[in-house]
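Read off the chains here:
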Amino acid sequence: MATYQEFIQQNEDRDGVRFSWNLWPSSRLEATRLVVPVSCLFTPLKERPDLPPVQYEPVLCSRANCKAVLNPLCQVDFRAKIWACNFCFQRNPFPPSYAGISEVNQPAELMPQFSTIEYIVQRGAPAPLIFFYVVDTCLEEEDLQALKESLQMSLSLLPPNALVGLITFGRMVQVHELSCEGISKSYVFRGTKDFSSKQIQEMLGLTKPAAPGPQGRPMPPQEAASFCKFLLPVHKVDMNLTDLLGELQRDPWPVPQGKRPLRSTGVALSVALGVLEGTYPNTGARVMLFIGGPPTQGPGMVVGDELKTPIRSWHDIQKDNARHLKKATKYYEALANRSAVNGHSIDIYACALDQTGLLEMKCLSNLTGGHVVMGDSFNTSLFKQTFQRVFSKDYNGDFRMAFGGVLEVKTSRELKVCGAIGPCVSLNSKASCVSENEMGIGGTSQWKLCSVNPSTTLGIYFEVVNQHNAPVPQGGRGAVQFVTQYQHSNTQRRIRVTTIARNWADAQSQIQHIESSFDQEAAAVLMARLGVFRAESEEGPDVLRWLDRQLIRLCQKFGQFNKDDPTSFRLSESLSLYPQFMFHLRRSPFLQVFNNSPDESSYYRHHFVRQDLTQSLIMIQPILYSYSFHGPPEPVLLDSSSILPDRILLMDTFFQLVIYHGETIAQWRKAGYQEMAEYENFKQLLQAPLDDAQEILQTRFPMPRYIDTEHGGSQARFLLSKVNPSQTHNNLYAWGQESGAPILTDDVSLQVFMDHLKKLAVSSST
Amino acid sequence: MSQQGYVATPPYSQAQPGMGGYQGGFGPGPAQPLYGHYGGPAQAFTAPPTGLMKSPVTSAAGMPPPPASSQYNPNVQQNGAHPQRYPVPPVVSSTYGQPPQPPYNSMASPGPPPAQQLTNQMSAMNLGNYGQASMQSPPPPASTVAQQPFQAPPPVGHPQMLPGLQSPHMSPQMPPPQSPQASMSMTGQPMAAPPMGGMGRPFPGAPPPGLGGFQQPGPGVAGPQGYPQQAGQFGGPMAGPQPGMPGAFPGAPAPMAGPPQKKLDPDSIPSITQVIEDDQVKHGGQVYSTNIRGQVPPLVTTDFTVQDQGNASPRFIRSTTYTLPCTADLAKQCQVPLASIIRPFASLPKNEAPLYVVNHGETGPIRCNRCKAYMCPYMQFIDGGRRYQCGFCNCVSEVPAFYFQHLDHMGRRVDFYERPELSVGSYEFVATLDYCKNNKPPNPPAYIFMIDVSYNNVKSGLVKLICDELKTLLEKLPREEGAESSAVKVGFVTYNKILHFYNVKSTLAQPQMMVVSDTAEMFVPLLDGFLVNYQDSRAVIYNLLDQIPDMFADTNESETVFAPVIQAGLEAFKAAECSGKLFVFHSSMPTAEAPGKLKNRDDKKLINTEKEKTLFQPQKGVYEQLSKDCVVQGCCVDLFLFPSQYVDLATMADVPSHTGGSVYKYNNFQVETDGEHFLRDLRKDVQKSIGFDAIMRVRTSTGFRATDFFGAIHMNNTTDVEMAAVDCDKALTVEYKHDDALSEETGAFIQCALLYTTVNGQRRLRIHNLSLNCSSQLLELYKSCETDSLINFFAKTAYRAILNQPLKNVREILVNQTAHMLACYRKNCASPSAASQLILPDAMKVFPVYMNSLMKTAPLMGSTELSTDDRAHQRLSVMGMGVEDTQLLLYPRLIPLHNMDASSEALPAPVRCSEERLADSGMFLLENGHSMFLWLGQASPPELVQSMFNLPSLAHLQGHVPALPELDNPLSKKVRSIISALLEKRPNSMKLQIVRQRDKPEVLFRQFLVEDKSLHGGSSYMDFLCYVHREIRQLLT
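Parameters at a glance
Residues numbered from 1 in each chain as written. Chains lettered and ligands numbered in written order. Predicted model: local features only at pLDDT ≥ 70, side-chain atom pairs only at ≥ 80, totals over all residues. Heavy atoms only, no water. UniProt positions renumbered as here; feature names shortened; annotations may be inferred. Helix = DSSP H or I, 4+ residues; strand = E, 2+ residues; numbered from the N terminus. Domains from an automatic or database assignment. Buried area = accessible area lost by both parts, 1.4 Å probe. Salt bridge = Lys/Arg side-chain N within 4 Å of Asp/Glu carboxyl O. Polar contact = N/O pair within 3.5 Å; in protein donor to acceptor, adjacent residues only side chain to side chain. Nonpolar A, V, L, I, M, F, W, Y, C, P; charged D, E, K, R; others polar. Expected span 1.5 Å × (residues − 1). Buried < 20%, exposed > 50% of the residue type's maximum accessible area, 1.4 Å probe, protein only. Contact = heavy atoms within 4.5 Å. Pairing = 2+ DSSP bridges. Axes fitted to C-alpha atoms, helices over the stretch in contact; angles between N-to-C directions. Core = buried A, V, L, I, M, F, W, Y, C linked by side-chain atoms within 4.5 Å. Right-handed = clockwise from strand over helix to strand, strands pointing away. pLDDT = per-residue confidence, 0-100.

Draft legend 1. A look at the UniProt feature "domain: Gelsolin-like" (unreviewed entry) in chain A. According to UniProt, the positions carrying the feature "domain: Gelsolin-like" (unreviewed entry) are residues 633-719 of chain A. The straight-line gap between the two end C-alpha atoms of residues 633-719 of chain A is 18 Å; of that span, 37% is helix and 23% is strand.

Take a look at the structure:
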């Protein structure tokens, strides 16, 4: 039998699923004792070039509250043409189109290799893609110019039938009409006033006054869309729009000395959503918000326009000193929810040296699956390339984005679903498989993902509900089915169904099996997501304490030790890395706010809860490669001892790519040896990390910050803050070694952390 | 009676019966005996009803007074000066005629030889003329004496008499006198009988006497009687019903004579046209130097040149009287309002020097330390020129070193003639930063054109018309004297129920339109590019103006907003930190959901009730606040309305009327018929000279002070007059009250200081100074009264009063005050005469005509047939009017065109506004500054029609003729040049309406014949006079 590693890999490749446990404890009690819940990371739209979609509709279980999709786990009676639902055990006849079914003539969905299958649904008219640019004009000239160019460029990347719209804002909010000849026309809103969606539609003439339906309903959206002058197909307006963008001026209102420009971000978004609501509800749309600073007026204001009042810091927030925080957050949450209801997602591209209010606005993207990109300026390759990559295409030439996704989870009876953590909102569907115990966004078996891309990954948490005294029969399997409906970027509606099953195991008799089925990487990420989710609402130290507790309990459960003898403590291979992940997680910006602005924290967390397992792990524990003359590049410990004078280090933290030249290397480089023919090898050595970095840069979204530094360089801090401080000014001489670089910190090192962990794990008092 | 009497009671009394009379007399034929004289009267007084009734009796009693009665010397004014005209050949006027004369005679007799008088009178007064004319015919019966004198004059006779016409009527009327009471009943007329009645009394008795009533005491020259001339006097004749009286009137007695005739000769009562003409003859073309304190200037209608020699030109300030009573008691006693009408930006004719600009450097203008009056000719330099004493508060201040100058032997500064502020009455100071908002120099003002592009305006073609016109009009924005181009910036907004702003920045390839739908909280969506220099952005603006009509060509939006439109302009000015003017072209009542939404509250049932005033009151709330905000920012609003129905003008015009703006109204606008009319208004409005963000203060010397202000202004406190803008046509009326006694010796000073921003964006102070006499003799006061100013004051007070009181009360107050003023004169200044004689001060002799006309104006007339909006419009426009405009409005010019000399340059002399003056075969032009009619008599000769219209006969004149065809014949040319000259001269454009006698539209025309009964119940001049006379008599008893 394949190792668990192989099994896990195979499952991930095929279904996009990584479970924390690959054998499931058969009772609630035992499951609880395992500390790490039965849970999985699920990537609904994982790219599967080998998986052609089928052109028909899925066959559903006929039981009204089940509606599970026919899958390879179902028992099929080919003669009677009947299949039994493996979730509710309902026996269903096959539909007439399956008349020819037989053991040798099975539809794809019954074949084991199609545990994940994608259906193309023909229902309904194809809905267009919509891109609504919402552009801040309170930018420096240079930034604005760069942004304009990026936007103009993006028009060429859009499919010709996609609809585009443009809103610009500063002190006022302008909605541009795109089809005007001879005179450019825009509707202007005051940036300080909160408008209801209806008001906005009225003001823009999107409601026909005399045409309300019988109950005074606003007119049907399609009709409104037909005369919406603000969202038009790219092919019709690209000339106009290019000119319009070209003529965009900085916000013309004077900004007095000592003031910030007035930026009506809140109203601008509200208007954008109002337009979409009135014209294309429940149609995939991206609202792309470009901001160069914090909202400074109107609803959603994050900071006043007085420069002498700085924008809130974590310190202010802890002191409850952030005046606008609550109000603004509430405002953006309301917007985000409205947007989510209509299936529109919101991207935020924030480029500024100071904070821009992402903390308050994060929910816009978090709830709607939008991107958040943070940079220093629109005139950087970081922004330009990231933005370009939003429109990247897959092997079929389709955009790597999908809209209006609905993920439904069905479980077999022994399991219930507790919740999900990821860029989604609850649809409040209280099916029978919904647990009362909520983890993450719970209380539902369906979530809406307004925008999904192939890497979007959700953490989904389950609860074993089987009672201890009613054991599952040996060899029984629990099953989970993920049904994801979405609007493909080619405007088709599709349904992807993934059905997986795991064996039940009795935790008392088969604890070793269960232990070895532990996927510590997945578990680390899933626990980290829980931690980050908590951190959004709880104090940082509480979260750390909770994480520590969980870790200690896990060690107690699975560690081998003699009571009260820390030195005797051992962990099996399947758990060996887990404590280390937790150590780095504790130090990560996802849980530590020290040295990060609130915006940065929000930004990091945003990406953490949506990336797939590999990327998430990189975020938790950055990867460090070492380049030297001593051999090929090798991954090395993320430890200060890895920082040596004759090495070049490449660190990938997901958000940053740091190339660090050791002291000697840096001197050589300064001396220009690489220019000399005889030191060709040095030149190659210098080049190697650059090439590797380039490779990473090519694929990563968003583009990481690229840092090239050296020993003693100020930017070396990015590296120094990440490595395990095994050598510090406190123990440097005690170690008495020449290797490595001491880190000036009082943070505990991994070694100290482990010592404490062992001590606590073996302590009899806990 | 009839003769002189029109005035006199008799008529009235008869009125009842006779009332019809007069009119009849004039208009209708001779036939009606009864009415003969007063036909008109009855109606007239409807209003007054209440009081009237009673009087009759008494009066009756009074009447008898055979003595004086007969005469009114209407004309009398100054003795010599205005001779009455009796010119008419006695012959003509058979019946009534002469009334006037009698009085004269009587008066005269003592003094100057009759002949002279006559002559004098003749020239001056019309009254005489008319009266006599008619009178004379009858000669025999009555007083021989009198007649003779008059008759003598015949030679003198002025053209006006038109004896022919009158006489005929008159005669018939002669009817027997009726008893006063009887008369009351007024057979003919429904109305007023009662009131009239009052008047009537005189009649009964010896008719004659009553009439005599009005004497206008002239300036007191001779003895009491001495002034026969007293203008006012309408001869007592009235009484003298009898034809006999006519001519004669030797002395008072005459009247007695026959049975009273009821008829008064309309020609015998004081005539405005005559007064005007006389003044023109006296002062026309002359130089009027303002070097004398308390000097009464020529009439507003007179064409003269002003030389400023220490007092402001009457073009800038006119006073109701140039001699103030010394004490409050006197003022109260005479009840003559003390007021000035100030028109700070009055335009000056080319031959008068523009105002000097004085710059006192960084310290700013020199001002009295205590009262802050500005340096002016009334500052007395003392102490060798080191100090000066303020003429207003008497405080002594040091002369600043830089301003020091030695005094000459007269105690005058040596540089007297070099410094305008010492030698002239009107000049300007350059204001320093202290006089600017926030101590920052102001920006040049801006004009924003806000065009309603709702369905109505688009369909009527108005939008296109405006856009086309603006292209050329914007080249002519007002600019500083000598400046190469205008500094005024322009901006454009179109709107229906949402607003569209335009970015017309010169660097743009095409204009940008920004739509603001949030009318609840209006704001300006852009700053840069909205208000631009026309010269720089011409190409973009052209582009925009070309596009606007097309953009909205297919609109079907018919709802509009209004308050947000003004708000938008206001916000634009705020954002640009400038002042300026909004030109709003609006079509309909703003009913769209937005602040300032209005609903139809035009309820005809309110008319003539306590609540009628609500029709004039603006609705509270939004507009009130908006006015205040506009004034603070210096945002003036000019409203051009194109309504097809009620729009609640009272409310819509609230902001314009508080910000120094104007309201123009074009009912049922059609481009073909009203286009040119509107464009003329627009052109004048855009180009006229104007000052912005103005604040005015009127300072007075000790003893009296300004207490009340009327005009298109806003008052935040009791002394500072704030005006968002003030243009050359806006005047405000200031009323003064005594604080203390005034000294005859020092006189009284008024200094009006206006701080404003020029069209160039310069802050300036404009100073107008005026000195008045003081006297403890009422006679002096009456002598230096100015009727035109008085009526301006009364019009404004009355129009303001109707906001708070029922019309009836207001009208009563007007009549009472009129009567009181005249009675006081009679009592204190005039020579003793019979109570039945109506005696008017010379300076006020035409006052009753104006007053009557005022009371007949739409705002003061409670009639359901008048449009509420029109009434409100007139009310508001009068509030900002100067003396010239109210004069013209209340007494339109009626110019006969059929018999003029086409080759002469001169404008034919206007005739009195009465139907009687029309001729079936004539052609008349009537204009009052707001309307213009070309009236064609039924029997107009075909040649005339041919040369005017190129049509064979009047019958071919079909439909509306927007303008006279341009024909190449002397008559057509002349008429057209007259019309265009008038249009040029008046502040407002007028639409020429051509009416044929007896056609329906003639009704419109007739309402401007202010001496006649009005269609809506106003009394005729004659009736009114009788009524007033009755009141006076009541006061005197």
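Read on, since the account is not over.
Draft legend 2. Representation of the domain arrangement of chain B in the model. Residues and elements named next belong to chain B. Assigned domains within chain B: domain 1 (365-423), domain 2 (445-688) and domain 3 (892-1009). Taken over C-alpha atoms, the centre of domain 2 sits 34 Å from the centre of domain 3. In this assembly, domain 2 packs against domain 3 so that about 750 Å² is buried in total across both faces, 47% of it on carbon and sulfur atoms. The largest share of the area that domain 2 buries against domain 3 comes from Thr673, Arg680 and Lys684, three residues that together contribute 57% of it. The tally of links from domain 2 across to domain 3 stands at 1 salt bridge. Its salt-bridge partner being lysine 991, residue aspartate 674 comes within 2.7 Å of it at the nearest N-O pair. Scanning the region where domain 2 abuts domain 3 turns up 9 residue pairs in polar contact (both at pLDDT 80 or more). The leading source of residues in the side of domain 2 that touches domain 3 is helix α25 (residues 671-687), at 7 residues. For the side of domain 2 that touches domain 3, a count of residues per class yields 1 nonpolar, 2 polar and 5 charged.

Draft legend 3. Examining helix α30 (residues 868-879) of chain B more closely. All names here are of chain B. With 12 residues, α30 ought to run about 16 Å at 1.5 Å a step, and its terminal C-alpha atoms sit 17 Å apart, in line with that. The buried count for α30 comes to 10 of 12 residues, which makes it a mostly enclosed element. Taken together, the buried positions of α30 are Thr868, Asp869, Arg871, Ala872, His873, Gln874, Arg875, Leu876, Val878 and Met879. The N-cap of α30, judged by a side-chain oxygen 3.3 Å from the amide nitrogen of aspartate 869 a few residues on, is serine 867.

Draft legend 4. Summary view of the domain arrangement of chain A. All names here are of chain A. According to the domain assignment, chain A contains domain 1 (1-47 + 401-505), domain 2 (59-112), domain 3 (130-204 + 230-390) and domain 4 (589-759). The interface is formed by 10 residues belonging to domain 1 together with 5 residues belonging to domain 4. Buried surface at the junction of domain 1 and domain 4, both sides included, amounts to about 640 Å², of which 54% is carbon and sulfur. Its largest share of buried area at the contact with domain 4, domain 1 owes to Pro423, Ser455 and Thr457, together 45% of the area lost on that side. Where domain 1 packs against domain 4, one counts 0 salt bridges. At the junction of domain 1 and domain 4, the tally comes to 1 residue pair in polar contact (both at pLDDT 80 or more). Across the side of domain 1 that touches domain 4, the residue classes tally to 3 nonpolar, 5 polar and 2 charged.

Draft legend 5. The interface of chain A and chain B, seen in detail. Tallying the contact residues gives 20 residues for chain A and 27 residues for chain B. Both sides together, the interface formed by chain A and chain B hides about 1,900 Å², and carbon and sulfur atoms give 56% of it. If you sort the residues of chain A by the area they bury against chain B, Ile183(A), Val188(A) and Arg190(A) come out on top, with a joint share of 30%. The interface formed by chain A and chain B includes 3 salt bridges. A salt bridge links Asp518(B) to Lys193(A); the shortest N-O distance between them is 2.9 Å. The tally of links from chain A across to chain B stands at 11 residue pairs in polar contact (both at pLDDT 80 or more).

Draft legend 6. Representation of the sheet that holds strand β29 (residues 705-710) of chain A in the model. Residue and element names in this part refer to chain A. Spatially, the 5 strands line up as an open sheet ordered β26-β25-β27-β28-β29, and their pairing is mixed. Looking at strand neighbours, the two that pair on one side only are β26 (631-635) and β29, the edges of this open sheet. Here the strands of the sheet are splayed against their neighbours by 15° on average, with no regard to which way each runs. Here strand β25 (residues 623-628) runs beside strand β27 (residues 648-652); their pairing, made up of 5 bridges, is antiparallel. Bridge assignment links tyrosine 627 to a residue of β27, and that residue is isoleucine 648.

Draft legend 7. Up close: the UniProt feature "domain: Sec23/Sec24 helical" (unreviewed entry) in chain A. The feature "domain: Sec23/Sec24 helical" (unreviewed entry), as annotated in UniProt, sits at residues 519-617 of chain A in this numbering. In this annotation, residues 519-617 of chain A is assigned 62% helix and 9% strand; the end-to-end C-alpha distance for the span is 13 Å.

Draft legend 8. How the structure looks around the nonpolar core. Counting 190 residues, the largest nonpolar core has Phe189(A), Ile460(A), Phe462(A), Phe482(A), Phe492(B) and Phe678(B) as the members making the most contacts within it. The dominant element in this core, judged by the number of residues it contributes, is helix α13 (residues 520-535) of chain A, at 10 residues. Ignoring any residue separated from it by four or fewer positions in sequence, one finds Phe189(A) in contact with Met172(A), Val173(A), Val175(A), Phe195(A), Ile200(A), Met203(A), Leu204(A), Val267(A), Val271(A) and Phe523(B). Judged by nonpolar contacts, the second largest core, of 125 residues, contains Leu582(B), Leu778(B), Leu803(B) and Ala830(B).

Draft legend 9. Quick peek at the pattern of salt bridges. Considering all chains together, one arrives at 83 salt bridges over all chains under this definition. The partner of Glu12(A) in a salt bridge is Arg18(A), and the shortest N-O contact between them spans 2.8 Å. We note a salt bridge from Arg494(A) to Glu118(A), for which the minimum N-O separation is 2.8 Å. Taken as a pair, Arg494(A) in strand β22 (residues 493-505) and Glu118(A) in strand β7 (residues 116-121) lie far apart in primary sequence, 376 residues in all. When its relative accessible area of 4% is taken as the criterion, Glu118(A) is described as buried. Where salt bridges share partners, they join Arg343(B), Lys581(B), Asp638(B), Asp685(B), Lys688(B), Asp727(B), Asp729(B), Lys730(B) and Glu884(B) into one cluster.

Draft legend 10. A look at the pairing of strand β15 (residues 372-375) of chain A. Residues and elements named next belong to chain A. Bridge count between strand β14 (residues 344-351) and β15: 4 bridges; the pairing is parallel. Its bridge partner being in β15, cysteine 351 is matched across the sheet by glycine 375. Read as a crossover between parallel neighbours, the route from β14 over helix α10 (residues 358-368) to β15 is right-handed.

Draft legend 11. Region of the structure containing the confidence of the model for chain B. Residue and element names in this part refer to chain B. Averaged over every residue, the pLDDT of chain B is 78; residues scoring 70 or more account for 74%. This stretch, residues 1-261, has a pLDDT under 50; its non-local contacts, to residues over four places away or in other chains, come to 1244 contacts. Both confidence scores are given for the complex: pTM 0.80, ipTM 0.85.

Draft legend 12. Representation of α25(B) within the structure. Among the residues of α25(B), those classed as buried are Thr673(B), Asp674(B), Gly675(B), His677(B), Phe678(B), Leu679(B), Asp681(B), Leu682(B), Asp685(B) and Val686(B). Its buried side turned inward, α25(B) meets β14 (446-452), α19 (462-473), β19 (580-586), β20 (635-641), β21 (663-665) and β33 (991-996) of chain B.

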